[in-house]
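Coordinate inspection notes
Residue strings, one per chain:
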Amino acid sequence: MFDNMIASLREKSPLIHCITNYVTVSDVANMLLACGASPIMADDAAEVQEISGIASGLCLNLGTLHRSTVDSMLLAGRTAAERGIPIVLDPVGVGAAAQRAMAAQALLRELPIAVLRGNVSEVKAIAGVASSTRGVDACSADLVTPETLPELAAFVTRLALALHCTVAMSGAIDVISDGRATYAVFNGHPMMPRITGSGCMLTGVVTAFAAANPGSAVQASTAAYAAMGLCGEIAHAALRPGQGTGAFRSNLIDAMSLLDDDALRQGMKVCIF
Amino acid sequence: MFDNMIASLREKSPLIHCITNYVTVSDVANMLLACGASPIMADDAAEVQEISGIASGLCLNLGTLHRSTVDSMLLAGRTAAERGIPIVLDPVGVGAAAQRAMAAQALLRELPIAVLRGNVSEVKAIAGVASSTRGVDACSADLVTPETLPELAAFVTRLALALHCTVAMSGAIDVISDGRATYAVFNGHPMMPRITGSGCMLTGVVTAFAAANPGSAVQASTAAYAAMGLCGEIAHAALRPGQGTGAFRSNLIDAMSLLDDDALRQGMKVCIF
Amino acid sequence: MFDNMIASLREKSPLIHCITNYVTVSDVANMLLACGASPIMADDAAEVQEISGIASGLCLNLGTLHRSTVDSMLLAGRTAAERGIPIVLDPVGVGAAAQRAMAAQALLRELPIAVLRGNVSEVKAIAGVASSTRGVDACSADLVTPETLPELAAFVTRLALALHCTVAMSGAIDVISDGRATYAVFNGHPMMPRITGSGCMLTGVVTAFAAANPGSAVQASTAAYAAMGLCGEIAHAALRPGQGTGAFRSNLIDAMSLLDDDALRQGMKVCIF
């Protein structure tokens, strides 16, 4: 089911239009290149329609949101919708600022979002469920553990049905559902949230996988999560004594740039509910 | 006096709201994560009050300044002031552009800045002292040497008294004073100014130390300087043959992500005047 | 002819004013520092004239272009022109968005551009030659091979004469011409376009070489290309098993930070037509 997704991505090298924050934009571009996609960043209202008009996927990220950028996201999103390319939304810090919450609601209402991807605190904020969101990092009260997994899987499944899209929720265990199929991904490493952009990079990779593997956004998203998590494991294993999060960040890009479908199939830890 | 500051930081993981330039923002975020803090970047006037309203520290940086950003800094700063969280100001390139000088003056006048942190050229420009500032790097005429140290320490002490805040001035030897206590930090490595963002990262770390260790901004700043300088020494010692500033930058984050209070206590080279 | 260019750059440490995109800006700053220059980024209309007024070179990059930034580029450019410092233009993604094409035409018309630097797709778009530009990466139909080299060299030479500037076109083989002298640079490695910013970094390095070595922009540009390509070769050779594009990016900065004129002279693969 997940066979050949990376080969397909590297062969097609889909152009991914990103309207994203200026904190992690370089990491997103490098991770997209590492997985085989071709990134293009553009957020000015005067050009986003043209760029989405030649892209194969659109990645919308609410980090460091500016008011004017929401208009650009809607313009790009309508072009993407007309052309039938996948739109992926990352509601960074949505629980921390009303402007981001309103933007997320507008984008979900106006555009056929293919995948909503965030951490537990962000996804709960989107669902209007009480959460203790604090900034852009998931709150420690929002941990996904084997004990809380069934409940969270049911929550993600219901939200996917309500929003008519794939919902991908990152945590120690990731849960991805389109309302019909629901997956849990056990790949990953605790060091990943200790570098900035691990979530943003994953959103880019999800967009790339979905763009290159049309048909099932939930499966493409699950494969992207497993790939990114596996790269986190490889990146940690490659650390030498005295190395920390700086080397980990570089190793993560290294691992993705070398990953192939065989390694993904052997390393992926995914279960279906 | 400096005991336990890193443990406190890692335990509290303070949320640090950064309104900062787009050149080094990723490095600042990664360095804040490495030292144990949780960064959030937001500069749009519509959301900065909310973000500073949940943060434990506010980091203002004048690099790549836009006119509208000064309003955001004032809005965030007033919220920070009401809540009593530390505000740290980095007047990047303040001697090179009138807009930055006016912004620095407005922020110092309107907000209870806890720490003003810059290189010698920038701090001199703030003080209105003749300097040969050139761009964002300290001018070579502004070197801090054992010979010029007493004079510069007196200068920083007077400026701290005049501005009613801690003044932290970076150089080959760093000088930090709140007007009462004045410290010199001898940690660091000449390679640090050869990567972009070493100053901006330090400003973030100073904010994090001050947020997690309230009570004495001058002591928290001094510890942050010693920690960052020590990481520079460790990062240089870890270079292998053929490695240069690229590896140094990654090593610097590595070192901070692994630093603890014992290593800081053993490695810090600080004297008090 | 190319002797001593790096020594001259490191000795003068020219201040390079960059108005550039937010994706690769950190890489550009680090690469400028690595080659010996001092970067300053500023794009607000209120301060660009002051910054270009103290700079030794101006680097204009159309990536993530905003409408208001074109005005800043013109303001900075006119100051640069009055002062006689070199202006280098990188028309990132010019074939993908009308706004970028109009900006490039305006800048080429209004300012005495010293060097136009882009990939084959971008340079063809500037020339109005049919190309299959796609996003910000060169199209595979636009490969520079030994077979197509003579034709492309003639094309670049004609364009340089028409635009009255040096045109530097990146590809597997780079072609640089001012209409009189035309060079081909064979240095480089296929991994370079697999990281974001390799083109933007090169544009910065070209500006630095031209600023420190006035007199012949075409020779300074050729030396910058050879230096950057050689660093790509060194960066690839330094990769260990399991390392990919993450380490390559860091190695590239390492190599530039250690490069000297002897290594450049021995490693450069340049021919003149």
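The coordinates are above.
Residues numbered from 1 in each chain as written. Chains lettered and ligands numbered in written order. Predicted model: local features only at pLDDT ≥ 70, side-chain atom pairs only at ≥ 80, totals over all residues. Heavy atoms only, no water.

**Regarding helix α1 (residues 5–12) of chain B**
In an α-helix, one turn spans 3.6 residues, which is why side chains three or four residues apart end up on the same side. All names here are of chain B. The cut-off we apply is this: For every residue, the accessible area (1.4 Å probe, protein chains only) is compared with the maximum for its type, and the residue is labelled buried under 20%, exposed over 50%, or partly exposed between those bounds. Counting from the N terminus, the helices are DSSP H or I runs at least four residues long and the strands are E runs at least two residues long. To obtain the arc, one takes the directions from the helix axis to the C-beta atoms. Two residues form a contact once any of their heavy atoms are found within 4.5 Å.
Here α1 has its buried residues at M5, I6, S8 and L9. Projected down its long axis, α1 shows its buried positions confined to an angular sector of 160°, all on one face. Lining the buried residues of α1 we find α2 (25–35), α8 (198–212), α9 (217–237) and α11 (261–267). Two residues or fewer past α1, S13 is found with a positive phi of approximately 40°.

**Examining the interface of chain B and chain A**
Quick note on the threshold: Two parts placed together each lose some accessible area under a 1.4 Å probe, and adding up what both lose gives the buried area. Salt bridges are defined by distance alone: a side-chain nitrogen of Lys or Arg within 4 Å of a carboxyl oxygen of Asp or Glu. Identification of polar contacts relies on pairs of N or O atoms within 3.5 Å, with a donor-acceptor requirement for protein atoms, meaning one able to donate a hydrogen and the other able to accept it, and with residues adjacent in sequence counted only if both atoms are side-chain atoms.
Each partner contributes to the interface: chain B provides 32 residues, whereas chain A provides 28 residues. Counting the surface lost from both chain B and chain A, the interface buries some 2400 Å², and carbon and sulfur atoms represent 45% of this. Linking chain B with chain A are two salt bridges, by the criterion used here. Note that D44 of chain B is salt-bridged to R67 of chain A, the shortest N-O span being 3.0 Å. Taken together, the connections running from chain B to chain A amount to 16 residue pairs in polar contact (both at pLDDT 80 or more).

**Focus: the nonpolar core**
Nonpolar side chains in soluble globular proteins generally cluster together in the buried interior. Selection criterion: As used here, the term nonpolar core means buried Ala, Val, Leu, Ile, Met, Phe, Trp, Tyr and Cys residues forming a set that is joined through side-chain atoms within 4.5 Å.
If you look at the biggest cluster of nonpolar residues, it comprises 181 residues, and the most contacted ones within it are F209 and M256 of chain A, F209, L252 and M256 of chain B together with F209 and M256 of chain C. Residue contacts for F209 of chain C: discarding those within four places in its chain leaves M5, I6, L9, A220, A223, A224 and A227 of chain C.

**Remarks on the interface of chain C and chain A**
In many reports, interface size means the accessible area that the parts give up when they come together. We apply this condition: Any residue that is not Ala, Val, Leu, Ile, Met, Phe, Trp, Tyr, Cys, Pro, Asp, Glu, Lys or Arg is counted as polar, Gly included; the first ten are nonpolar and the last four charged.
At the interface, 28 residues of chain C touch 33 residues of chain A. When the two sides are added together, the surface that chain C and chain A hide from each other amounts to roughly 2400 Å², 45% of it contributed by carbon and sulfur. In this structure, E47 of chain A and R100 of chain C form a salt bridge, with 2.7 Å as the shortest nitrogen-oxygen distance. Run the count over chain C and chain A and you get 16 residue pairs in polar contact (both at pLDDT 80 or more). Those elements giving two or more residues to the side of chain C that touches chain A turn out to be α5 (98–110) and α10 (245–258) of chain C. Of the residues contributing to the side of chain C that touches chain A, the split by class is ten nonpolar, ten polar and eight charged.

**Regarding the relation of the copies chain C and chain A**
Selection criterion: Least squares is used to superpose the copies, and the fit set is the C-alpha atoms of residues whose pLDDT is at least 70 in both copies.
Note on the identical chains: chain C maps onto chain A by a rotation of 120° and an axial translation of 0.0 Å, with an RMSD of 0.0 Å. On the angle and the small slide along the axis, the relation comes out as a three-fold axis. Residue Y22 of chain C, judged by its C-alpha, is the member of chain C lying nearest the rotation axis, at 3.6 Å. When the interface residues of chain C are mapped onto chain A, a mere 14% of them are again interface residues, pointing to distinct binding faces.

**Topic: the sheet that holds strand β9 (residues 270–272) of chain C**
Note on sheets: strands pair through backbone hydrogen bonds, and any given pair is parallel or antiparallel. Residues and elements named next belong to chain C. This is how it is decided: Pairing between strands is defined by DSSP: at least two bridges between the two strands are required. For helices, the fitted line uses only the C-alpha atoms of the stretch in contact; every axis is such a line through C-alpha atoms, and the angle between N-to-C directions lies from 0 to 180 degrees.
Read from one edge of the open sheet, nine strands run β2-β1-β3-β4-β5-β6-β7-β8-β9, paired in mixed fashion. A single partner strand is all that each edge strand has here, and the edge strands are β2 (38–41) and β9. On average, each strand axis in the sheet is tilted by 20° relative to the strand beside it, whichever way the strands run. Note: strand β7 (residues 174–177) against strand β8 (residues 182–185), four bridges, orientation antiparallel. Counted as the bridge partner of D174 is V185 from β8. In this fold helix α7 (residues 149–163) packs onto β5 (115–119), β6 (166–170), β7 and β8, with an angle of close to 145° to the strand it touches most, β6. This element, helix α8 (residues 198–212), spans β1 (15–19), β3 (57–61), β4 (87–90), β5 and β6 of the sheet and lies at about 160° to β3.

**What to know about the sheet that holds strand β9 (residues 270–272) of chain B**
Residues and elements named next belong to chain B. A sheet is described by the order of its strands in space; here nine strands give the open sequence β2-β1-β3-β4-β5-β6-β7-β8-β9, paired in mixed fashion. Where the open sheet ends on each side, the last strands, each with one partner, are β2 (38–41) and β9. Here the average twist between neighbouring strands, direction ignored, is 20°. One ladder, built from four bridges, connects strand β1 (residues 15–19) with β2; its direction is parallel. Bridge pairing in β2 places H17 opposite I40.

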